[in-house]
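Fold and contact review
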Amino acid sequence: MSKIAPYHTDSPEYPPSHRNVYHDRDNCPAGKTIKQAHRKAGKAERPRCNDCKKLD
Ligand SMILES: [Zn+2]
């Protein structure tokens, strides 16, 4: 498990709990459901994902 560059998604395919945050852990369960094609780089001024926080 490691920290990776922050990413987020704008895709409506994902629930708000996954979409309205950014992720920065490669083993985040919510982040892992976001397909590579739907990932965008950066935090987009969103709060950090709770799952990613737990993985610290
Ligand atoms: Zn996350």
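As a reminder, the structure under discussion sits directly above these lines.
Report on the accompanying structure. Just so it is clear, the model here is predicted, and its values are computed rather than measured.

Observations regarding the sheet that holds strand 1 (residues 3–8)
Here 3 strands make up an open sheet; going across it, the order is 2-1-3 and the pairing antiparallel. Single-partner strands in this sheet number two, and they are strand 2 (23–25) and strand 3 (40–41). Where strand 1 lies against strand 2, 2 bridges are found, and the strand directions are antiparallel. Following the sheet pairing, Y7 is matched in strand 2 by H23.

As for the coordination of the zinc ion
Each donor-metal-donor angle in an ideal tetrahedron of four donors is 109.5 degrees, and each such angle in an ideal octahedron of six donors is either 90 or 180 degrees. Protein coordination at the zinc ion: the donors are H23 (ND1), C28 (SG), C49 (SG) and C52 (SG), at 2.1 to 2.4 Å from the metal. Taken together, the 4 donor atoms coordinating the zinc ion span angles of 96 to 121° at the metal, a pattern that classifies the geometry as tetrahedral. The motif formed by the donor residues of the zinc ion, counted along the single chain, is H-x4-C-x20-C-x2-C. Here H23 is found in strand 2, whereas its partner C52 is found in helix 3 (residues 50–54), with 29 residues between them in sequence. Comparing H23 with C52, the two get one shared label, buried.

Some words on the nonpolar core
Of all hydrophobic cores here, the largest spans 5 residues; its members are V21, C28, A30, C49 and C52. Sequence-distant contacts of A30, defined by excluding residues within four places in its chain, comprise H18, H23 and D51.

As for the packing of aromatic side chains
Following the criterion strictly, the structure yields 0 aromatic pairs and no others. Over the face of the ring belonging to Y7 we find R39, whose NZ or CZ atom lies 4.2 Å from the ring centre.

Observations concerning the side chain of H23
Overall, the relative accessible area of 0% leaves H23 in the buried class. A polar side-chain atom of H23 sits 3.2 Å from the main-chain carbonyl oxygen of H18. Not counting residues within four places of it along the chain, the set of residues in contact with H23 comprises A5, P6, Y7, H18, C28, A30, G31, I34, C49 and C52.

Calculation notes
- Residues numbered from 1 in each chain as written.
- Predicted model: local features only at pLDDT ≥ 70, side-chain atom pairs only at ≥ 80, totals over all residues.
- Heavy atoms only, no water.
- Pairing = 2+ DSSP bridges.
- Helix = DSSP H or I, 4+ residues; strand = E, 2+ residues; numbered from the N terminus.
- Donors = N, O, S within 2.8 Å, 3.2 Å for Na, K, Ca; no water.
- Tetrahedral: all angles 85-135°; square planar, octahedral: opposite > 155°, others 65-115°.
- Buried < 20%, exposed > 50% of the residue type's maximum accessible area, 1.4 Å probe, protein only.
- Core = buried A, V, L, I, M, F, W, Y, C linked by side-chain atoms within 4.5 Å.
- Contact = heavy atoms within 4.5 Å.
- Phe/Tyr/Trp six-rings, centres within 6.5 Å; stacked < 30°, edge-to-face > 60°.
- Lys NZ or Arg CZ within 6 Å of the ring centre and 35° of its normal.
- Polar contact = N/O pair within 3.5 Å; in protein donor to acceptor, adjacent residues only side chain to side chain.

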